[in-house]
Amino acid sequence: MQNILVTGASGQLGAEIIEGLLGMGDVSLVVATDIKEPSVSLEAVPFEFLDVMDADRMTELIKNYKITQVYHLAALLSATAEKNIDLARKLNIGSLHHVLNIARDLNLDKVFWPSSIAVFGPDAKKDGTPQNSPCNPTTVYGITKLTGEQWCAYYHRTFGVDVRSIRYPGLIGYKTLPGGGTTDYAVDIYHKAINHEPFTCFLEADSHLPMMYMSDAVKATLDLMQAPADKLTVRTSYNISAMSFSPAEIADSIRKTYPDFEINYAPDYRQKIADSWPNSIDDHTARNDWDWNHSYDLDAMTQDMILNLVKGKV
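The rules behind the values
Residues numbered from 1 in each chain as written. Predicted model: local features only at pLDDT ≥ 70, side-chain atom pairs only at ≥ 80, totals over all residues. Heavy atoms only, no water. Pairing = 2+ DSSP bridges. Helix = DSSP H or I, 4+ residues; strand = E, 2+ residues; numbered from the N terminus. Contact = heavy atoms within 4.5 Å. Axes fitted to C-alpha atoms, helices over the stretch in contact; angles between N-to-C directions. Buried < 20%, exposed > 50% of the residue type's maximum accessible area, 1.4 Å probe, protein only. Arc of directions from axis to C-beta. Phe/Tyr/Trp six-rings, centres within 6.5 Å; stacked < 30°, edge-to-face > 60°. Lys NZ or Arg CZ within 6 Å of the ring centre and 35° of its normal. Parallel < 35°, antiparallel > 145°, perpendicular 65-115°, else oblique. Left-handed = near helix turned anticlockwise from the far one by under 90°. Nonpolar A, V, L, I, M, F, W, Y, C, P; charged D, E, K, R; others polar.

Draft legend 1. Examining the sheet that holds strand β10 (residues 238–239) more closely. Ordered in space as β3-β2-β1-β4-β5-β6-β10, the seven strands form an open sheet in which the pairing is parallel. The open sheet has two edge strands, β3 (47–49) and β10, and neither has a second partner. Direction of pairing for strand β1 (residues 2–7) relative to strand β4 (residues 69–72): parallel, over a ladder of four bridges. The residue bridging Ile4 from the neighbouring strand is Gln69, located in β4. Helix α1 (residues 14–22) rests against β1, β2 (27–34) and β4 of the sheet, and its axis sits at about 170° to β2.

Shown next as structure tokens:
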């Protein structure tokens, strides 16, 4: 039975991961941690305030709760990181070092750490970016994630730490709002649509980016963590993919339910970030190694987002 600590539990992914963990038969305890109160109810699990830069406090919690696995989700995301370079470096890389050192010293069973498609730069293949591709990111966020991938591989290779990682595309979910990413528009747009309001997008109409519905992201994460270690061939971070679309295409999908939905375009500094990322991702390595497969395409996601957001308003 596993006792699991989740950092960044108040973020977009945290609550969803915790819900998924609670549904697993081999998990006896999940401890949620963050520097702020969660925006959604986490009453089913204990909550502890934790600044992930405080290695002593993290060690104390891991010892007190007899933690066997850590899901280290705390991070500064792409758009926010560009405005807070020093904090992004300290938080995204420094806190990972704390987790890896604790995992090594306390012999934790496993660690999960999320990477991102931001590790790729303009020299990577734009369409169907392969697992082993040039990684020369041009953003602060991408640099921290690429650095983290290499530290994860090093700690596995040198100390035997079983750390596993996924290069998430843009994540879309209805339970919590995103927190400063370049793909945040793909969540905000649904909130405007159900309120019959026009939406102004900070990316150009034809900016294609890899995306994934949150339930698929949670499934991918938990499936990877359950996979036998000897089946895993990647110890930096796995490419995963579900769909790729542009703001114009998501607007067209929404119009199948709301025909009068309006979208306008006012590209800002986030356009440059998006332009440096792939249009789509090749994830055959993940599909071969641990049978990854997605369930939602754009229209299926749109239907489920609208259904749940409308339900939440009632």
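Draft legend 2. Region of the structure containing helix α8 (residues 247–255). Those residues of α8 not exposed but buried are Pro247, Ile250, Ala251, Ser253 and Ile254. For α8, the angular spread of buried residues about the axis comes to 160°, placing them on one side. Structurally, α8 contributes buried residues whose contacts are with α6 (185–194), β8 (199–201), β11 (243–245), β12 (263–265) and α11 (298–313).

Draft legend 3. Structural context of the packing of aromatic side chains. For the coordinates displayed, the defined rule picks out 12 aromatic pairs. With a centroid separation of 6.1 Å and an interplanar angle of 70°, the aromatic rings of Tyr154 and Tyr155 are classed as edge-to-face. On the accessibility criterion, Tyr155 (6% relative accessible area) is buried. Residues Tyr154 and Phe159 carry aromatic rings whose centres are separated by 6.1 Å and whose planes lie at 80° to one another, so their mutual orientation is edge-to-face. Residue classification places Tyr154 among the partly exposed residues on the basis of a relative accessible area of 34%. Looking at Phe159, the relative accessible area reads 38%, which means it is partly exposed. Here the aromatic residues Trp151, Tyr154, Tyr155 and Phe159 are joined through ring pairs into a cluster of three or more. Lying over the aromatic face of Phe159, Arg104 brings its terminal NZ or CZ to 4.9 Å of the ring centre.

Draft legend 4. The packing of helix α4 (residues 85–106) against helix α5 (residues 140–159), seen in detail. Across the interface, α4 lies against α5 with an axial gap of 10 Å and an inter-helix angle of 15°. Comparing their axes, α5 and α4 come out roughly parallel. For α4 against α5, the interelement crossing comes out right-handed. Taking contact as the criterion, the partners of Ile85, Ala88, Arg89, Asn92, Ile93, Leu96, His97, Leu100, Asn101 and Arg104 in α4 are, on α5, Val140, Tyr141, Thr144, Thr147, Gly148, Trp151, Cys152, Tyr155 and Phe159. In terms of residue class, the contact of α4 with α5 is built from 11 nonpolar, six polar and two charged.

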